Amino acid sequence: MPTIKTRFAPSPTGDLHIGGLRTALYNYLFAKKNNGKFILRIEDTDRARFKEGSVETILTGLKWVGIKADGKIVYQSSRTDIYKKYAEQLTAENKAYRCFCSVEILNKIREEQVKKGNPAKYDRRCLELSKEEIEEKIKKNNPYVVRLIIPDGKTKFKDLIRENVEFNNKEIDDQVLLKSDGYPTYHLANVIDDHLMKISHVIRAEEWLPSTPKHIILYEYFGWKPPEFAHIPMVLAPDKSKLSKRHGAMGVLEFKNQGYLPEAIINFLAFLGWNPGDNREIFSMQELIEEFSIDKVQKGGAIFNMEKLNWINGQYIRRLDTDKLVELCIPYLKKTKLITTKINKEYVEKIVVLQKDRLKKVSDIIEFSDFFFKEKMEYDKDLLKWKNMDDRELKNILEKISEIFSGVPEKDFTKEKLEPILKSEAAKVGDNGKVFWPLRVALSGKKASPGPLEIAEILGKEMCTRRLKMAIKQI
Ligand code: GLU
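Residues numbered from 1 in each chain as written. Predicted model: local features only at pLDDT ≥ 70, side-chain atom pairs only at ≥ 80, totals over all residues. Heavy atoms only, no water.

Q: Would you explain the layout of surface pockets in this entry?
A: With a probe scaled to a water molecule rolled over the atoms, the places where space remains empty come into view. In this structure, the largest pocket occupies an estimated 1,200 Å³ of space. Along its surface, the largest pocket is lined by 37 residues, and Thr 13, Gly 20, Ala 205, Glu 207 and Trp 208 are the ones closest to its centre. Listed by contribution, the elements that provide at least two residues to the lining of the largest pocket are strand S1 (5–8), helix H1 (18–33), helix H6 (186–196) and strand S9 (201–205). When residues in the lining of the largest pocket are grouped by element, the largest group, six residues, is from H1. Taken together, the residues of the lining of the largest pocket sort by class into 16 nonpolar, eleven polar and ten charged. In this model, the second largest pocket occupies a volume close to 450 Å³. Lining the second largest pocket are 20 residues, with Ile 199, Ser 200, Lys 225, Pro 226 and Pro 227 positioned closest to its centre. Of the residues that constitute the lining of the second largest pocket, the class distribution is ten nonpolar, four polar and six charged. (1 Å grid on protein atoms, 1.4 Å probe; cavity = no way out; pocket = protein on both sides within 12 Å on 5 of 7 lines; lining within 4 Å. Points joined across faces, edges and corners; volume = space filled by probe spheres on them. Helix = DSSP H or I, 4+ residues; strand = E, 2+ residues; numbered from the N terminus. Nonpolar A, V, L, I, M, F, W, Y, C, P; charged D, E, K, R; others polar.)

Q: Hey, could you run me through the side chain of Arg 440 in this one?
A: Within the secondary structure layout, Arg 440 lies in helix H17 (residues 432–444). Glu 454 provides the closest opposite charge to the buried, salt-bridge-free Arg 440, at an N-O distance of 9.1 Å. From its side chain, Arg 440 meets the backbone oxygen of Lys 447 in a polar contact 2.8 Å long. Among all residues touching Arg 440, those that are not within four sequence positions of it are Gly 445, Lys 446, Lys 447, Ala 448, Ser 449, Pro 450, Gly 451, Pro 452 and Ile 455. (Buried < 20%, exposed > 50% of the residue type's maximum accessible area, 1.4 Å probe, protein only. Lys, Arg positive; Asp, Glu negative; His and termini not counted. Salt bridge = Lys/Arg side-chain N within 4 Å of Asp/Glu carboxyl O. Polar contact = N/O pair within 3.5 Å; in protein donor to acceptor, adjacent residues only side chain to side chain. Contact = heavy atoms within 4.5 Å.)

Q: Please explain the pairing of S9 as it appears in this structure.
A: Consecutive side chains along a regular strand alternate between the two faces of the sheet. Counting buried residues along S9, five of its five residues qualify, which places the element largely inside the surrounding structure. Direction of pairing for S9 relative to strand S10 (residues 228–232): parallel, over a ladder of five bridges. Bridge pairing in S10 places Ile 203 opposite Ala 230. (Pairing = 2+ DSSP bridges.)

Q: Please clarify how the site of the ligand should be interpreted in this entry.
A: Close contacts around the ligand come from Arg 7, Ala 9, Pro 10, Ser 11, Glu 43, Tyr 186, Asn 190, Arg 204 and Trp 208, and that covers them all. Separating an oxygen atom of the ligand from a side-chain N or O atom of Arg 7 is a distance of 2.6 Å. One of the side-chain nitrogen or oxygen atoms of Arg 204 is found 2.8 Å away from an oxygen atom of the ligand. Computed on the free molecule, the ligand has an accessible area of 300 Å², of which 85% lies beneath the protein chains in the complex. Counting atoms within 2 Å of the grid points, the majority share of the ligand lands in the largest pocket. By residue class, the composition of the shell around the ligand is four nonpolar, two polar and three charged. (Near = heavy atom within 4 Å. Areas by Shrake-Rupley, 256 points an atom, 1.4 Å probe, with all protein chains shown as cover. Sits in = over half its atoms within 2 Å of the grid points.)

Structure (structure tokens):
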């Protein structure tokens, strides 16, 4: 069997987005599953759209999730001579032609075509130029592009996901292959490189499907065998609209900053358009490599569901070693200035263990645990009240708890020891909520938090006493 070789071929025009990373992942999984190779090719020939720093974000993003390319990274911008040579070959063989039309003329042609109700295509006027006219223009240094001659008829191909695909060539414009700056367009460079690099499978987003007939025509003109194509479904927002920033279409590194784990991102992305055909949901990269297959990739759009991502991320957080999670949480606590002095690792560890099951992203540690680090908390005093408690009853209870706490020796200030004492107090007032709710709010300042005694044990006797005092003072 010939070697399977795939490639991820991003254009460095911005951040690496979640859709781009999914394309990289599918190519990677398919290659690895088939003992093949996975190539990274930077398609940087569009100098107008090139964005400084973009290559770095692509490389950092791939590295972060553990997608490693085989061999050296290929930069198309260093291969312009190759593309030029092939463009010349096509021109010499009358499969392409030079077009000298200015942007103004092209706009006018397009307008006229649209007015006539035709597709907004180039009208091929430069195809009529005589050899002499062309030579004259070249001599005068008139800028030109090289355009592909789209033949009459239909272009058909078999897509591994979409099956038989057919395009009417009438709808296809004579594609520019080489621009006036000497750089190739995506179409030319992409086909040449896929051929020269012996790419066996092109797995890319569905948005590239209309480009494929142009590529097939190029393969035919060159006399090359085209690779297999698999156009993977678009990633859509929950309302089936195009995924926008509002729905989570952020750069991959932004997910990292927000406290998503790379394993969770990979697991989630794999399921954006693919599933193993049963109800298993948690897959490591290795398991994905073993299970992945193109024929289980769906045709219809894949919905980006942030809640699902949060759930998967939570699953991976629970699987982390406490040490590792502490290490991941500390930068967030530092960044928000909740930790300003020397870190008390033991203290942070206790908090992390307590919160682990509630975290959906590592950064949630800030919102869930700020009260462990703050000296003063701000909350509405009415939050201290359980149901219809009045001020007097509330104050009495908090004073009673305070008194109880002062009688407990420091070494016994644990959930285990405190629980029976407070429970018997609650039995006296006839309602657990009347004791535990005000205590929990006094210690955390929050509507929702872990249980009061877990918090009390971590905060310690002295801090708890101070917080109770502060609460009483507010009433
Ligand atoms: N450079 C194209 C992109 O930015 C590659 C498309 C393809 O895979 O052919 O996505």
